[in-house]
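Results of the structural survey
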Amino acid sequence: MNAAEVFDTLGLEYQRAWSHQPALHGTLAWFAATQPSGSRVLDIGCGTGVPVASTLAGAGMKVTGLDVSPVMVDIASAQVPDATFHKIDIRDFESPPGSWDVICAVFSLLQMTQAEIIRTLGQISAWLRPGGHFFLATVAVDVEQVTLPWMGQEIEVSSFSEENFEAHLAEVGLRVVRRSRPVFTPSYPGAMPEESLHLVCQRP
C-alpha cells in the first residue's frame, strides 16, 4: 500500500496510537516557547493535525499542513481550524526560498527512497529563512525500501542512521542544535517499545 492508502485506512487510529509521545510534546513546547507568534510553519505529513499543527497553531503560529492522505487532511482541517491544510505530496510541493520560519517532518519522510529523502532535505533547507529551524522525527536505521508490517498495514520504508542523517543535513547547510533518541510504546494491540530519532536543526 502507498502512504495515502495506509493513512486513509488508519485515520484517527493513528492519532490515538502515536499523538501522546512525551518527547514530541517536549519539542513542540520548546518551539512554542522560543518562536514568535506569527511564525510561518510548514508541517510535512501533517496527519490528523494533532499534536504538531494543533500545538503550534495554538501558540499563535501560522501553520500550513501538507499530507498525501485526503482522509487525514479532512480530519486535520476539522480538528485544527486555525491552520491551513492541503492534500499534496511534499515531492510535488514548491515554495519560494526563505519562506518558512519552522519546518516539521514528524515520521513523514520514511515512505520515500533514500534519494528522495536527501532531495527533500535540500528543498527544506532552501525553504527555510536564515535562522529558521527544521524538526525531524524519524527512525534511525540505514534501510532502503524495506517492506514491514505496521499497525496492521504493509509499508515500505527507507531511512538513514543518525550519523548519516546528520551528514546529509550538514551537506544541505543545516546544523543540528538539539538531538534525542526517545523510546515510546504506541497505544495499539501488540505494540512494542520503539526508539526514534529527534533532531532540531537550524539554517545559519
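You'll find the protein entered in an unreviewed UniProt entry as Methyltransferase domain-containing protein, with Lentzea albidocapillata given as the organism.

**Some points on the sheet that holds strand S11 (residues 197-202)**
Pairing is mixed in the open sheet, where seven strands are placed in the order S3-S2-S1-S4-S5-S11-S8. Only two strands of the sheet have a single neighbouring strand rather than two, namely strand S3 (84-87) and strand S8 (175-180). Sheet twist, expressed as the average angle between the axes of neighbouring strands with direction ignored, equals 15°. Bridge count for strand S1 (residues 40-44) against strand S2 (residues 62-67) is five bridges, and the pairing is parallel.

**Considering the packing of helix H6 (residues 114-127) against helix H7 (residues 162-171)**
Two quantities define a packed helix pair, namely the angle between the helix axes and the distance between the axes. Close contact between H6 and H7 brings their axes to 9 Å; oriented N to C, the two are set at 40°. Judged by the angle between their axes, H6 and H7 are oblique. You can see that H6 and H7 cross each other, and the crossing is right-handed. Across the interface between the two elements, Ile117, Ile118 and Leu121 of H6 pack against Phe165, His168 and Leu169 of H7. Broken down by class, the residue content of the contact of H6 with H7 amounts to five nonpolar, one polar and no charged.

**Some details on the environment of Val80**
Here Val80 is to be found in the loop between helix H5 (70-79) and S3. Sequence spacing of Val80 and Ala53 is 27 residues, and the spatial spacing of their C-alpha atoms is 7.1 Å. Beyond its immediate chain neighbours, meaning those up to four positions away, Val80 contacts Gly49, Ala53, Ser54, Ala57 and Phe85.

**Section: the environment of Phe184**
Relative to the helices and strands, Phe184 is located in strand S9 (residues 183-184). The sequence separation of Phe184 and Pro22 amounts to 162 residues, and the corresponding C-alpha distance is 8.2 Å.

**Quick look at the pattern of salt bridges**
Side-chain pairs of opposite charge can arise whenever the charged atoms involved come near each other. Tallied over the entire structure, the rule returns eight salt bridges. Its salt-bridge partner being Arg129, residue Asp101 comes within 2.5 Å of it at the nearest N-O pair. Here Asp101, found in strand S4 (residues 100-106), pairs with Arg129, found in strand S5 (residues 128-138); they are 28 residues apart in sequence, far enough to count as distant. Judged by its relative accessible area of 9%, Asp101 is buried. On the basis of relative accessible area, Arg129 is assigned to the partly exposed category, the value being 24%.

**Some words on the packing of aromatic side chains**
Within a pair of aromatic rings, the relevant descriptors are the distance that separates the centres and the angle that separates the planes. On inspection of all chains with the given rule, the structure shows four aromatic pairs. Taken together, a centroid distance of 5.0 Å and an interplanar angle of 70° make the contact between Trp30 and Phe31 edge-to-face. Judged by its relative accessible area of 0%, Phe31 is buried. With a centroid separation of 6.2 Å and an interplanar angle of 45°, the aromatic rings of Phe31 and Phe135 are classed as tilted. On the criterion of sequence distance, the pair formed by Phe31 in helix H3 (residues 22-34) and Phe135 in strand S5 is long-range, its members being 104 residues apart. For the pair Phe31 and Phe135, one class covers both residues: buried. An aromatic cluster is defined as three or more aromatic residues linked by ring pairs; in this entry it consists of Trp30, Phe31 and Phe135.

**A closer look at the pairing of S4**
The buried count for S4 comes to seven of seven residues, which makes it a mostly enclosed element. Pairing of S4 with S5 involves six bridges; the strand directions are parallel. Residue pairing across strands places Ala105 opposite Leu136, the latter belonging to S5. Regarding topology, H6 serves as the crossover connection from S4 to the parallel S5, and that connection is right-handed.

Conventions and cut-offs
Residues numbered from 1 in each chain as written. Predicted model: local features only at pLDDT ≥ 70, side-chain atom pairs only at ≥ 80, totals over all residues. Heavy atoms only, no water. Pairing = 2+ DSSP bridges. Helix = DSSP H or I, 4+ residues; strand = E, 2+ residues; numbered from the N terminus. Axes fitted to C-alpha atoms, helices over the stretch in contact; angles between N-to-C directions. Parallel < 35°, antiparallel > 145°, perpendicular 65-115°, else oblique. Left-handed = near helix turned anticlockwise from the far one by under 90°. Contact = heavy atoms within 4.5 Å. Nonpolar A, V, L, I, M, F, W, Y, C, P; charged D, E, K, R; others polar. Salt bridge = Lys/Arg side-chain N within 4 Å of Asp/Glu carboxyl O. Buried < 20%, exposed > 50% of the residue type's maximum accessible area, 1.4 Å probe, protein only. Phe/Tyr/Trp six-rings, centres within 6.5 Å; stacked < 30°, edge-to-face > 60°. Right-handed = clockwise from strand over helix to strand, strands pointing away.

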